[in-house]
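Each chain, letter by letter, is given below.
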Amino acid sequence: MFSKDPNEEGTLLQEPTTEDMVQFERAQCSYENLSERFMLKQRNFGRQYAHIYAVRLWVMKARLVKAAKRKWGDDVCIRKLSEMETGETCVVIGTLFKHMELKPSILKDISEEEGAMPQPPRAKYTEDADNLILEDEVQRVSLEGKLDVQTSVTGTIVAVYGAEDESGRFQVKDFCYADLPAQNSVQTPEEDRFVVLVSGLGIGSNQDNLLELQLLVDLVTGQLGDVGDQKSAANIVRVIVAGNSLSESTQDKDSLTKAKYLSRKTAAGSVEAMKVLDDFLVQLSSCVDVDVMPGDFDPANHVLPQQPLHRCMFPRAMKYPTMHTVPNPYEASVGDVRFLGTSGQNVDDIYKYSSLENSLEILEKTLTVGHVAPTAPDTLGSYPFHDSDPFILESCPHVYFVGNQAKFQSKTLEGDSGQRALLVTVPKFSQTQSCVLVNLRTLQCEVLQVQAAWEEGEQPMQE
Amino acid sequence: MAASELDGMYLENLDEFVHDEGKVVTYKSLSHTLNVHVNQAKQMLFSFVEKSRKEKKPVHVTYLVNGRQKTEDGTVCKVCVAKDDNLEAVKSSLETVSSVHVYSVQKADLKDSNPLYMSDYDINKNIQLSASLSAVKCPQAQPRDSDEINQLEEEKRLQVLSSTPGSSSKQPVKGKVQPKKESEQLKAASSSSTASAPQPKAGKAKGQTTMAQMLTKKATKEQETSETAKTDNGGKENKDSKNVPTGGKPKPKMGGMMAFINKNPAVKSTDASKESSKPFDQKNGKQDKVIKQEEVTKKETSKKTSKVSATAKGKEDARKSGAKSKKIKDMSSSDEDEDLAPKKKKRRRIQQPESSSSSEEEMSEDEMVIPPTPPPEPRALSPSPPPSPEPSPPPSPQPDTKSSKKTTKSVNGAGGKRRKHKRVLKSKQFVNEDGFMVTEKVYESESTDASDVEEEKVKPTGPSKPGTQTKQPSPEKKKPSPVGKSTKQAGIMSFFKKKAA
């Protein structure tokens, strides 16, 4: 079906025969888990977050110097802010800080000003009066000019070309980000090999789409469909569940404030939902390799990088060696094709703090600036790293995905050195009943939607 | 072969299921029941539908339609379950149809798709059968047997143990079984670990009374502390008991104070104390017993000593960062810390009073020296941030230690009721109602009795104190405690009684 082979007439609407009792073997692909840098070895939260920024600047400075020289010539002078003179046109490399009045600040919340109410959460915290500040190792300077305030976010490392004027503001004539890192060449497989990307299963809510999920599982395990479909299904080598397998309603916020003795006998909402999830995952893992990433609503730690879900939550599924729990963000090499993706928190955070509306645009921006989650640790919770920043893109992925988005979008981004990256936004299964199939041979992707059309005359929904 | 044999039979079976029992028969349930390949089951359903039509016994059918549909964004692969009435409409909405087959047969007209899911719910539990009857087989997906699983778990545990020494302290979080196993692996204090395991449970039940004691006995506390302050044991007990109620104020903090005063640069144990939680520090204290840890710690310390000697600044930073970490440890209470802390305290006090003080000093020094110094360049780049926070932590731990010392002393006196300490501690959360009460009171006393606080601060720096002196305050404290129990804590005690029941 998804292999676009011209199918002969379906053979299942006929008397039983033995010819169709076929069994295809699951296609195999080499696999390597490259998420080691996202695994936390120690949990020391005693450090300051300044170290992350220091490391980020230090690591990316080298790349930015190269990019700046490439863009503006080898002889362009790169200055530190402390050495800069007024009126001198030069290049400065530093971290962007976006000053936003509406950004929730704990200091404002707990301040004792009269009538100071805590700010209600908003969809976007942007404002016209936001301004950009560039910080290098020791100083900061206000930026004005070509660099657009509304589409920039705090934490990106940028090289700006311009001059400081008398008022002390740096007038930006041009700017650039680090170049896309090098990409490994990929040996595409000869036949179609598919990876299923699904996210936002949302188990545990009132509106469960369990039949649709079951249909998807049946399709991947080769029970559903005609012989041709089953043959295509055998070409699925991996299923990556990109977060939010449990629904938001399983999160019991009251548990923090409610007295323990009142809630002693009540089980958490996530317990039942986890059992259901385990049932689905055991069906899948009996037949295909599965990687489960944690998401915002899953029982994992809150700050990035989220650690893999514990194996004790999947007692049945973990018996299979094909079941893997992986961190968020997740990087892996499937059949030489490098996948890198998150469960959506990084994109959602940038959405809140910039004027960018389109998830795919935001995804592209993170790839362009060379950092998976630039707003960490400012507005996006992050572990206080001190000697490395694992979110910096080391090598360009072939498939860069983000889960739990509103709809499916995809784009192929081309880099200056011939890199090609497929950007994919994976929609929430609980809302769209669709998942994404990535073809490793062609590096294209398409949507697979499952539906139960029930009312008479009801047409399957077109999305 | 089998198909022809089953020919007549399956039709009868289906007849029975659908008409007599009124069940919803999906292709999957049929394939499981008759142990046939799914494709065959689909065909069987089809022939049954045909037969029923001929016999004028209408049955409702749902079909599964796969195909591609055109949307504004491109083509979408669609998998649809459609009712028989809707089948043609669904097929026509798809640009290409790759397969159609019968999904289910039922007598009644279904209002929604739920029964389709529910009827297969039990079928889906039988994974092995599904895998064998499905059209796709995965040779890698063989369930592991229990031996393999145990082996993998062992490996994982060893991996975690060897990766960082601090991680060993995290192990208790995973479960009570693990701390036991871990200690066995360490080949030391196996008895102590097993002893410690039941202790926290018992400790939980009695934690409240120690709180009560603490709350009601501030005055006596202070007197006793003045008596006991000058001995090493007092210092230890301070550290020990301190850990208990506040649950986040580790020995290293005390040790930190002592290090400030002693200024002994010798480093013996590992760096990890900064990052590790209390249990690890306390384990450090038992270095005599814990052989493997000693090895690990020695290796680490040797590494660290070289680092430390290299950078004098590093040491200073370490001290300050150690102080910082301690301060933060104060604020964060964790299960495992509380769990292991009281056990180890007890053990230390009873069995090795002297070594504990020395070990605590060691630990404190380790902490001081710890530096996981950030790489030189980033530090150079951000010189301003580190100096500024550094001065602030040193002053702040001191008031904390004062308060903690106070609480520990009072609680500590109740030697036999240490378990109650654990209970309180074990309730884990900083925001725990019981813990909250305690800390609140502690702070109250601190504000009014500033002089006492300072006295106490001086006391713990004294040498180790014999265990006998602790017994003196303990009976005194015990006396008022029942009173306290009856008046204030009755409600809480009943809470615990319920739990015990």
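Just so it is clear, the model here is predicted, and its values are computed rather than measured.

Asker: Describe the overall build of chain A, naming the residues involved and giving the relevant values.
Answerer: Check the secondary structure of chain A and you find nine helices and 19 strands. Expressed as a percentage of its 463 residues, the buried residues of chain A come to 56%. Within chain A, counting contacts between residues at least 6 apart in sequence, those at least 24 apart form 74% of the total.

Asker: How would you summarise the overall build of chain B if you had to cite specific residues and measurements?
Answerer: If you tally the helices and strands in chain B, you get 28 helices and five strands. Pairs at least 24 apart in sequence give 81% of the contacts found in chain B among residues at least 6 apart. When the accessible surface of chain B is summed, it comes to about 20,400 Å², and 55% of that surface belongs to carbon and sulfur atoms.

Asker: Let's hear about the pairing of strand 17 (residues 420-427) of chain A: which residues, and what values?
Answerer: Residue and element names in this part refer to chain A. Here strand 17 lies mainly inside the structure; seven of its eight residues are buried. In terms of strand pairing, strand 15 (residues 399-405) meets strand 17 through five bridges, oriented parallel. When the sheet's bridge partners are listed, V399 is paired in strand 17 with L422.

Asker: Hey, could you go over the sheet that holds strand 2 (residues 31-33) of chain A for me, with residue numbers and the actual values?
Answerer: All names here are of chain A. The six strands are arranged 2-13-14-15-17-16 in an open sheet whose pairing can be described as mixed. Where the open sheet ends on each side, the last strands, each with one partner, are strand 2 and strand 16 (409-414). Strand-to-strand twist across the sheet, computed as the mean angle between neighbouring axes with direction ignored, equals 20°. In this sheet, strand 17 lies alongside strand 16 in antiparallel orientation, the contact comprising six bridges. In the sheet register, T412 faces strand 17, and the bridge partner there is L422. Across the sheet, helix 7 (residues 345-352) lies against strand 14 (337-342) and strand 15, angled at about 70° from strand 15, the strand it touches most. Across the face of the sheet, helix 8 (residues 359-369) comes into contact with strand 15, strand 16 and strand 17 while running at roughly 140° to strand 17.

Asker: Could you give me a rundown of helix 8 of chain A, with the residues and numbers involved?
Answerer: Residue and element names in this part refer to chain A. Among the 11 residues in helix 8, eight count as buried, and that is most of the element. Those residues of helix 8 that sit buried are S359, L360, I362, L363, K365, T366, L367 and V369. For helix 8, the elements touching its buried residues are helix 1 (50-72), helix 7, strand 15, strand 16 and strand 17. In the stretch just after helix 8, G370 is the one whose phi turns positive, near 80°.

Asker: Explain the packing of aromatic side chains to me, using residue names and the numbers behind them.
Answerer: Within the structure shown, the criterion is met by 10 aromatic pairs over all chains. When the ring of F175(A) is compared with that of Y177(A), the centres are 5.7 Å apart and the planes differ by 75°; the resulting orientation is edge-to-face. Among the aromatic side chains, those forming a connected cluster through ring pairs are F38(A), F45(A), Y383(A), F385(A) and F391(A). Lying over the aromatic face of F17(B), K23(B) brings its terminal NZ or CZ to 4.5 Å of the ring centre.

Asker: Requested: an account of the side chain of T322(A), with residues and values cited.
Answerer: Within the secondary structure, T322(A) sits in the loop between strand 11 (289-293) and strand 12 (323-325). If we ignore the near neighbours within four places in the chain, the residues touching T322(A) are S285(A), V288(A), D289(A), V290(A), Q140(B) and A141(B).

Asker: An account of the side chain of N235(A) is requested, with residue identities and associated values reported.
Answerer: For N235(A), the position within the fold is in the loop between helix 4 (227-233) and strand 10 (236-242). Among the polar contacts made by the side chain of N235(A), one reaches the side chain of R193(A) at a distance of 3.2 Å.

Asker: Could you give me a rundown of unusual backbone geometry, with the residues and numbers involved?
Answerer: Residues and elements named next belong to chain A. The amide bond that connects L304 to the next residue, P305, takes the cis arrangement and shows omega of -10°. Structurally, the position occupied by P305 is in the loop between strand 11 and strand 12. Between A376 and the following residue, P377, the backbone shows a cis peptide bond with an omega angle of -5°. Take P377: it is sitting in the loop between helix 8 and strand 15. Its identity is not glycine, yet N244 carries a phi of approximately 55°, on the positive side. Here N244 lies in the loop between strand 10 and helix 5 (254-257). A relative accessible area of 9% means that N244 is categorised as buried. Here the phi dihedral of D336 falls at roughly 75°; this positive angle occurs in a residue that is not glycine.

Asker: Can you explain the confidence of the model for chain B? Please cite residues and give values.
Answerer: Residue and element names in this part refer to chain B. Per-residue confidence for chain B averages 57 on the pLDDT scale, and 32% of its residues sit at or above 70. Scored below 50 in pLDDT, residues 217-423 makes 473 contacts in the model with residues more than four places away or belonging to other chains. In the model, residues 441-486 has pLDDT below 50 throughout and makes 101 contacts with residues more than four positions away in sequence or in other chains. Listed scores for the predicted complex are pTM 0.65 and ipTM 0.83.

Asker: How would you explain the packing of helix 2 (residues 27-34) of chain B against helix 3 (residues 38-54) of chain B if you had to name every residue and give the values?
Answerer: All names here are of chain B. Across the interface, helix 2 lies against helix 3 with an axial gap of 8 Å and an inter-helix angle of 110°. When the interaxial angle is binned, helix 2 and helix 3 end up roughly perpendicular. Crossing geometry of helix 2 relative to helix 3 is assigned as right-handed. Residue-level inspection shows Y27, L30, S31 and L34 of helix 2 in contact with helix 3, the latter providing V38, A41, K42, M44 and L45. For the contact of helix 2 with helix 3, the residue count by class is seven nonpolar, one polar and one charged.

Asker: Mind laying out the pairing of strand 2 (residues 60-71) of chain B, listing which residues take part and the relevant values?
Answerer: Residues and elements named next belong to chain B. Burial analysis of strand 2 places 10 of its 12 residues in the buried class, the great majority of the element. As paired strands, strand 2 and strand 4 (residues 96-106) are joined by nine bridges and run antiparallel to one another. Bridging from a neighbouring strand, N66 pairs with S99 of strand 4. Pairing of strand 2 with strand 3 (residues 74-83) involves 10 bridges; the strand directions are antiparallel. For R68, the partnering residue across the bridge sits in strand 3 and is C77. Counting the residues between successive antiparallel strands, the hairpin from strand 2 to strand 3 contains two residues.

Asker: Account for the pattern of salt bridges, naming residues and giving values.
Answerer: Residue and element names in this part refer to chain A. The tally for this structure, following the rule as stated, stands at 32 salt bridges over all chains. The partner of D192 in a salt bridge is R441, with the nearest N and O atoms 2.6 Å apart. With D192 in the loop between strand 8 (170-176) and strand 9 (194-198) and R441 in the loop between strand 18 (434-439) and strand 19 (444-453), this residue pair connects regions lying 249 residues apart in the sequence. Its relative accessible area of 14% is what places D192 among the buried residues. Taking the shortest distance from any N to any O, the salt bridge between E331 and R338 comes out at 2.8 Å.

Asker: Go over the environment of I93(A) with me, naming the residues and quoting the values.
Answerer: Residues and elements named next belong to chain A. Inspection of the secondary structure puts I93 in strand 4 (residues 89-99). Judged by its relative accessible area of 2%, I93 falls in the buried class. Taking the C-alpha atoms as reference points, I93 and Y177, 84 residues apart in sequence, are found 9.6 Å from one another. Sequence-distant contacts of I93, defined by excluding residues within four places in its chain, comprise L57, K61, L64, V65, I78, D136, I157, V158 and A159.

Asker: Kindly report on helix 5 (residues 114-121) of chain B, identifying the contributing residues and their values.
Answerer: Taken together, the buried positions of helix 5 of chain B are L116(B), Y117(B) and D120(B). Down the axis of helix 5 of chain B, the sector holding all buried residues measures 95°, keeping them to one side.

Asker: Can you tell me about the nonpolar core, naming the residues and giving the values?
Answerer: In this structure, V239(A), F314(A) and V105(B) are the most contacted members of the largest nonpolar core, which totals 81 residues. Looking at which element gives the most residues to this core, the answer is helix 3 (residues 210-220) of chain A, with eight residues. If near-sequence neighbours (up to four positions away) are discounted, V105(B) is found in contact with V18(B), K23(B), V24(B), V25(B), L45(B), F48(B), V49(B), V59(B), H60(B) and V61(B). Counting residues in hydrophobic clusters, the runner-up holds 28 residues, among them L40(A), A376(A), F385(A) and C396(A).

Asker: Report on the confidence of the model for chain A, specifying residues and quantitative values.
Answerer: Mean pLDDT over chain A: 86, with 92% of residues reaching 70 or higher. In this model residues 456-463 of chain A is a low-confidence stretch, pLDDT under 50, and it forms 26 contacts with partners more than four residues away in sequence or in other chains.

Asker: Tell me about the environment of G415(A), residues and numbers included.
Answerer: All names here are of chain A. Tracing the chain through its elements places G415 in the loop between strand 16 and strand 17. The buried category is assigned to G415, whose relative accessible area is 17%. Sequence separation between G415 and Q183 is 232 residues; the distance between their C-alpha atoms is 9.5 Å.

Asker: Which residues make up a nonpolar patch on the surface, and what values go with them?
Answerer: Residues and elements named next belong to chain A. A grouping of I106, L107 and I110 is seen on the molecular surface, where their side chains present a nonpolar patch of about 360 Å² in accessible area. Structurally, L107 is set in helix 2 (residues 106-109). Residue L107 is classed as exposed on the basis of its relative accessible area of 64%.

What counts and how
- Sequence order as written defines residue numbering, which begins from 1 separately in each chain.
- A letter from A marks each chain and a number from 1 marks each ligand, given out in the order of writing.
- In keeping with the model being predicted, local features are shown solely for residues with a pLDDT of at least 70 and side-chain atom pairs are shown and tallied solely at 80 or more, while totals for entire chains, interfaces and linings include all residues.
- Calculated side-chain values reflect all of the structure's heavy atoms, with hydrogen atoms and water omitted.
- In this description a helix means any DSSP run of H or I spanning at least four residues, a strand means any run of E spanning at least two, and both kinds are numbered starting from the N terminus.
- When accessible area is computed with a 1.4 Å probe and restricted to protein chains, residues below 20% of their type maximum are described as buried, those above 50% as exposed, and intermediate ones as partly exposed.
- Note on contacts: a residue pair qualifies if any of its non-hydrogen atoms lie within 4.5 Å across the two residues.
- Per-residue and other accessible areas follow the Shrake-Rupley method at a 1.4 Å probe size, with only the shown protein chains counted as cover for residues.
- Here, any two strands with at least 2 DSSP bridges between them count as paired.
- Angles shown run from 0 to 180 degrees and are taken between the N-to-C directions of axes, each axis being a line fitted to C-alpha atoms and, for helices, limited to the stretch in contact.
- Aromatic pairing here means that ring centres of Phe, Tyr or Trp (its six-membered ring) are within 6.5 Å. Orientation follows from the plane angle: under 30 degrees is stacked, over 60 is edge-to-face, and everything else is tilted.
- Look at NZ for Lys and CZ for Arg. If either is within 6 Å of the ring centre and within 35 degrees of the ring normal, a charge sits over the ring.
- Nitrogen and oxygen atoms within 3.5 Å of one another constitute a polar contact, given that in protein one can donate a hydrogen and the other can accept it, and given that sequence-neighbouring residues count only through two side-chain atoms.
- Confidence of the predictor at the level of single residues is captured by pLDDT, which takes values from 0 to 100.
- Every angle not falling under 35 degrees, over 145, or within 65 to 115 is termed oblique; those three ranges are roughly parallel, roughly antiparallel and roughly perpendicular.
- Left-handed describes a crossing whose near helix is turned anticlockwise from the far helix through less than a right angle; right-handed describes the clockwise counterpart.
- For this scheme, ten residues count as nonpolar: Ala, Val, Leu, Ile, Met, Phe, Trp, Tyr, Cys and Pro. Four count as charged, namely Asp, Glu, Lys and Arg, and the remainder, Gly too, count as polar.
- We define a salt bridge as a contact between a side-chain nitrogen of Lys or Arg and a carboxyl oxygen of Asp or Glu at a distance within 4 Å.
- Comment: arc refers to directions from the helix axis out to C-beta atoms.
- What we call a nonpolar core is a set of buried Ala, Val, Leu, Ile, Met, Phe, Trp, Tyr and Cys residues that are connected through their side-chain atoms within 4.5 Å.
- Here, patches come from residues exposed beyond 30% relative accessible area and free of salt bridges, joined within 9 Å for like charges and within 5 Å for nonpolar side chains (Val, Leu, Ile, Met, Phe, Trp, Tyr).

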